[in-house]
Amino acid sequence: MAAVKTVSTTPFSGQKPGTSGLRKKVKVFAQPHYLENFVQAVFDSIGDVAGKTLVLGGDGRYHNRTAIQTILKMAAANGFARVMVGRGGILSTPAASAVIRKYKTFGGIILSASHNPGGPLEDFGIKYNIPAGGPAPEAITEAIHARTEVIGAYRIVEAADVDLDTLGTRSLGGMEVQVFDPVADYAELMESLFDFAAIRAAFASGLRMKFDAMHAVTGPYATEILERRLGAPAGTVMNGVPLEDFGHGHPDPNLVHAHDLVEALTGEGAPDFGAASDGDGDRNMILGRDFYVTPSDSLAVLAANATLCPGYRNGLKGIARSMPTSAAPDRVAAKLGIPAWETPTGWKFFGTLLDAGLATFCGEESFGTGSDHVREKDGLWAVLAWLNVLAVRKQSVADIVTAHWTEYGRNVYSRHDYEGIDAAAAEGLMEHLRGLPLKGRKLGAYTVAFNDDFAYTDPVDGSVSKKQGIRVVFEDGSRIVFRLSGTGTEGATLRVYIERFEPDPTRHHIDPQTALADLIAIARDLAEIEARTGRQEPTVIT
Ligand code: G16
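Residues numbered from 1 in each chain as written. Predicted model: local features only at pLDDT ≥ 70, side-chain atom pairs only at ≥ 80, totals over all residues. Heavy atoms only, no water.

Draft legend 1. Inspection of the nonpolar core at higher detail. Residues Phe194, Phe211, Phe273, Trp381, Trp386 and Leu387 are the most contacted members of the largest nonpolar core, which totals 68 residues. Contact partners of Leu387, with chain neighbours within four places excluded, come to Ile199, Phe203, Leu207, Met209, Leu226 and Phe273. Core analysis: the second largest hydrophobic core is formed by 45 residues, Leu22, Leu35, Ile46 and Val83 among them. (Core = buried A, V, L, I, M, F, W, Y, C linked by side-chain atoms within 4.5 Å. Buried < 20%, exposed > 50% of the residue type's maximum accessible area, 1.4 Å probe, protein only. Contact = heavy atoms within 4.5 Å.)

Draft legend 2. Up close: the sheet that holds strand 15 (residues 319–322). Pairing within the open sheet is mixed, and its 4 strands lie in the order 16-15-17-18. Of all strands in the sheet, those bounded by a partner on one side alone are strand 16 (340–343) and strand 18 (368–371). For this sheet, the mean inter-axis angle between neighbouring strands, taken without regard to orientation, is 15 degrees. With 4 bridges joining them, strand 17 (residues 361–364) and strand 18 adopt antiparallel strand pairing. When the sheet's bridge partners are listed, Gly363 is paired in strand 18 with Thr369. Across the sheet, helix 10 (residues 295–304) is in contact with strand 15, strand 17 and strand 18; its angle to strand 17 comes to roughly 165 degrees. (Pairing = 2+ DSSP bridges. Helix = DSSP H or I, 4+ residues; strand = E, 2+ residues; numbered from the N terminus. Axes fitted to C-alpha atoms, helices over the stretch in contact; angles between N-to-C directions.)

Draft legend 3. Representation of the pairing of strand 4 (residues 82–90). The element strand 4 is largely enclosed, with a buried count of 7 among its 9 residues. Of the strand pairs in this sheet, strand 3 (residues 53–58) and strand 4 are connected by 5 bridges, and their pairing is parallel. By the bridge assignment, Leu56 is partnered in strand 4 with Val85. For the handedness criterion, the β-α-β arrangement of strand 3, helix 3 (residues 64–77) and strand 4 is classed as right-handed. Pairing of strand 4 with strand 9 (residues 175–180) involves 5 bridges; the strand directions are parallel. Along strand 9, the bridge assignment pairs Val83 with Val177. (Right-handed = clockwise from strand over helix to strand, strands pointing away.)

Draft legend 4. Spotlight on the side chain of Asp252. Topologically, Asp252 is positioned in the loop between strand 11 (237–238) and helix 9 (259–264). Overall, Asp252 belongs to the buried group, its relative accessible area being 9%. A polar side-chain atom of Asp252 sits 3.4 Å from a polar atom in the side chain of Arg283. Leaving out residues up to four positions away in the same chain, Asp252 has contacts with His115, Met214, His257, Ala258 and Arg283. (Polar contact = N/O pair within 3.5 Å; in protein donor to acceptor, adjacent residues only side chain to side chain.)

Draft legend 5. Representation of the packing of helix 2 (residues 34–45) against helix 3 within the structure. Running from amino to carboxyl end, helix 2 crosses helix 3 at an angle of 40 degrees, the nearest separation of the two axes being 10 Å. Considering the angle they form, helix 2 stands oblique to helix 3. When you trace helix 2 past helix 3, the crossing you get is right-handed. Side by side, helix 2 and helix 3 meet where Leu35, Glu36, Val39, Gln40 and Phe43 of the first sit next to Ala67, Thr70, Ile71, Met74 and Ala75 of the second. Considered class by class, the residues forming the contact of helix 2 with helix 3 number 7 nonpolar, 2 polar and 1 charged. (Parallel < 35°, antiparallel > 145°, perpendicular 65-115°, else oblique. Left-handed = near helix turned anticlockwise from the far one by under 90°. Nonpolar A, V, L, I, M, F, W, Y, C, P; charged D, E, K, R; others polar.)

Draft legend 6. Representation of the side chain of Thr294 in the model. Within the secondary structure, Thr294 is located in the loop between strand 14 (291–293) and helix 10. From its side chain, Thr294 meets the backbone nitrogen of Asp297 in a polar contact 3.0 Å long.

Draft legend 7. Representation of the sheet that holds strand 6 (residues 123–129) within the structure. In spatial order, the strands read 2-6-5-3-4-9-8; together these 7 strands make up an open sheet with mixed pairing. Both edges of this open sheet fall to strand 2 (22–25) and strand 8 (168–172), since each of them pairs with a single strand only. Neighbour-to-neighbour, the strand axes of the sheet open up by a mean angle of 20 degrees, direction not taken into account. Packed on one face of the sheet, helix 3 meets strand 3, strand 4, strand 5 (108–111), strand 6, strand 8 and strand 9 and runs near 170 degrees to strand 4.

Draft legend 8. Broad picture of unusual backbone geometry. Of note in the backbone geometry, Met214 takes a positive phi value of approximately 55 degrees without being a glycine. Residue placement: Met214 occurs in the loop between strand 10 (209–212) and helix 8 (218–229). A relative accessible area of 8% means that Met214 is categorised as buried. Positive phi values are uncommon outside glycine, yet Phe367 reaches one of about 65 degrees. With respect to the secondary-structure elements, Phe367 resides in the loop between strand 17 and strand 18.

Below, the structure is given as structure tokens:
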């Protein structure tokens, strides 16, 4: 049996999980003791781990394998009975959630910095998911952070590295390491939710699609499900081989970073349907030929069509969206007579609603969509849901969304990101907005109904989360929301979310930047963006 070593250490400051786990540059994680301190803090904060099973895997980015070897040796030293690792250290975030739930493990550790770039000079990340399969709620992440601030030692076994590339079970310091197929359980779950026969028939009769895996984790999942199980032609999946640096790309499925896909979906002769997923497979972008579906609209359309998918044939219990997401899904919920929930940004806030059976579908403007089948957002789930709807309705993406707008009206929506701005300037900007007395003020053609800093009381467990984004809401329901990103690793990122409701179908096809121009100008003025950040234009517009 390998020897357990107790290593003395001193705390690192700033090991505070953000919107989704601890994300830092690789060179920060690679410092001696840095990862070890955090992992020990996790093990110390989640209860008795002796004899338990843990799921472990990541999105395959640079440092994934090294971190997995360390975590395995620490899990053994801390008394876990078994760790289930995805082959090659690969496990998409939704697949990890699925496996945790299926095998009822004591949660899992997911290694990813999601949509952030990978490589020796780029980002890495780690988070703990609870036995229900979702990201740890704030009470746990705060306990982990508190523990990192006082940690004095960690435990690790001295042993050779484990072979991660061969399926099967091996022993490490008395602990079992089970290397399993990261795709099989997930693919089986998808098959239980969607009408694979209808989708197969649609591909067979000529539906054409491109899926951009962006050289990230969904490559093997998409190839197995789309090309092997659903019969889409070889080549449907682009950039399908996961690479440690995502092929020098930025694995964020949006109009800017998924440019190869956007190009492929443009112009006559382009495929009918396009989709992309991010570094760890939980985000998605949906495109039709020459047509972009906003994540907020995607959630609304999928909710309105949910009963076409076998897994949701009996309807939805409720729809939840993050506060900055447009109110389009609320309109569907109202029509269906089911509750609409508004939570802070962060998938972890959906967990209690899903566990309590208060919601079935959830979504966020940040390219996240999912359901109660797991406790993470799920990129390929959204793609398959769209394929199911397309296969049954036999209409184009554009026709389906346009018909949706005609029925419900359109929540015209855009997000403007100012990335990598000075952190102090960003805090100052938010402070300035917090203090503004705006109620009743006329700004251009709009009158402010109220402004606040969004606070949320969880309806299930009563926990309160404050300072979740500044809302300026106008009397006609239009909104501007300001938030600082909780997932960046450099300086600060200001996000400005702009929304206006357009009931008139003759105006539904106006470009959102034009339709929202006056609100965009109001947002810039109110927040003094240029004066405070030096930026004249956003870095990314979605
Ligand atoms: C994470 C969270 C999401 C959140 C997103 C954006 O996504 O899981 O719930 O909406 O970050 O957060 P922010 O606006 O704070 O950057 P991911 O895909 O990065 O795990």
